[in-house]
Amino acid sequence: MVDAAASDASAMPLAERLVRYGDLRPCTTAFIDTRTPGSAEKENFTIIGPGVAENPDQHVHIEIPHGFNIGGARQPPGCVNSQHSHETAEVFVVHSGTWAFMLGADGHDGRVILEEGDTISIPIHVFRGFENVGPEAGFLFAVLGGDDPGRVTWAPYVFEQASTYGLVLMEDGSLVDTANGESIPAGKKPMPATTDADVAALRRMSGDELNRCVVRQAELATALQPGPAGYAERPIIGAANAAEQLSAGRMAWPHGFHLRFAHFSGGEVSTEHVRHEEEVLLLQCGELNVRTPAGTVLMRAGDVLTLPIGMPRCFANNADRPVDLYIVRGGDSPAAPDIVSP
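All values reported here derive from a predicted model rather than from experimental measurement.

1. Notes on the overall build of the chain
From N to C terminus, the chain includes five helices and 26 strands. At 20 Å, the chain has a C-alpha radius of gyration in line with the 20 Å of a compact globule built from 342 residues. Viewed in the frame of its principal axes, the chain has a C-alpha envelope of about 65 × 40 × 35 Å. Residues counted as buried form 53% of the 342 residues belonging to the chain. Taking the contacts inside the chain whose residues are at least 6 apart along the sequence as the reference set, 73% of them involve residues at least 24 apart. One finds the centroid of the 24 positive side-chain charges in the chain at a distance of 2 Å from the centroid of its 44 negative side-chain charges.

This is how it looks when you write it as structure tokens:
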């Protein structure tokens, strides 16, 4: 049976739920390390939800609450995202480039290298940073747990470097740029710098432990499982799901969302179906037709499309080139989809 909300959801314009890769609007001053040499050239994107940006000028493409956030980072070679910790789950899908993920307050606890198509889930309350170590600009998709993922905790050295370049992080998460003549507003207080005691209270992981939180692109196509919607998926994040008859992903602990990989060969078409959770499609490569009663969207590499609960959808690869697709759905225990009768 199709959800009662299907008719309302089907009437929503898909154009408002599609973000083209070429239309992404970056913020280059999103965080406290925006002037730190080696980090100043990074671009941050908030695609769905508020994210964790510290600059109110950060553009949010889609504000509809999903229970999770979708963001992105684009960095040139050698550009570093400074060491920080999150309050909710943080998952990265490497869309392009070669990336090093570093652990610990100084980045020396461990290091893992990810390539295009690899996925990593970094547990909460662990210092992490990342660097584009490839020869060309790279892009990461990021998934953060919760409608409000909170604020990041920066490593102590980040505060020291920011002060050198005139940036002050406030308790409310905003930035004050003293180098441009701004002053701390009345009634506001600077965020206390992270102390050694704060660092000691957080979890420390080794590179070997973090490697167990990685799924490599080479593993995905060899472990696809038939799904109830007429196409195969590979669970990456999420527990085993009896309703869909799918096994657990490698990162099976609760995230507040689950992540799957799907591969469509040339000419492959799914069954028309309805989901009971918000569903976000991150197209890795190829071209995918998403058919709904509200119209058809042709997704290309790097595009993001969110489909609401209750909207019938069908996925079709009308080309010869294969399609690789990452799918984020809300909740830790998804229901089986309802199949729409022909």
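2. A short note on the pairing of strand 17 (residues 232-237)
Here strand 17 lies mainly inside the structure; five of its six residues are buried. Where strand 16 (residues 225-226) lies against strand 17, two bridges are found, and the strand directions are antiparallel. Bridge pairing in strand 17 places Q225 opposite E233. Counting the residues between successive antiparallel strands, the hairpin from strand 16 to strand 17 contains five residues, one of them, G230, with a positive phi of roughly 85 degrees. Judged from the four bridges that link them, strand 17 and strand 18 (residues 257-264) form a sheet pairing that is antiparallel. Bridging from a neighbouring strand, P235 pairs with R260 of strand 18.

3. Observations regarding the pairing of strand 11 (residues 138-145)
A large share of strand 11 lies buried, amounting to eight of its eight residues. Covered by surrounding structure in strand 11 are G138, L140, A142 and L144 together with F139, F141, V143 and G145, the residues of both alternating faces. Two elements, strand 6 (residues 90-96) and strand 11, share six bridges in a ladder whose sense is antiparallel. Paired with V94 across the two strands is L140, which belongs to strand 11.

Quick notes on the rules
- Residues numbered from 1 in each chain as written.
- Predicted model: local features only at pLDDT ≥ 70, side-chain atom pairs only at ≥ 80, totals over all residues.
- Heavy atoms only, no water.
- Helix = DSSP H or I, 4+ residues; strand = E, 2+ residues; numbered from the N terminus.
- Rg over C-alpha atoms; globule rule 2.2 N^0.38 Å.
- Buried < 20%, exposed > 50% of the residue type's maximum accessible area, 1.4 Å probe, protein only.
- Contact = heavy atoms within 4.5 Å.
- Lys, Arg positive; Asp, Glu negative; His and termini not counted.
- Charge placed at Lys NZ, Arg CZ, Asp CG, Glu CD.
- Pairing = 2+ DSSP bridges.

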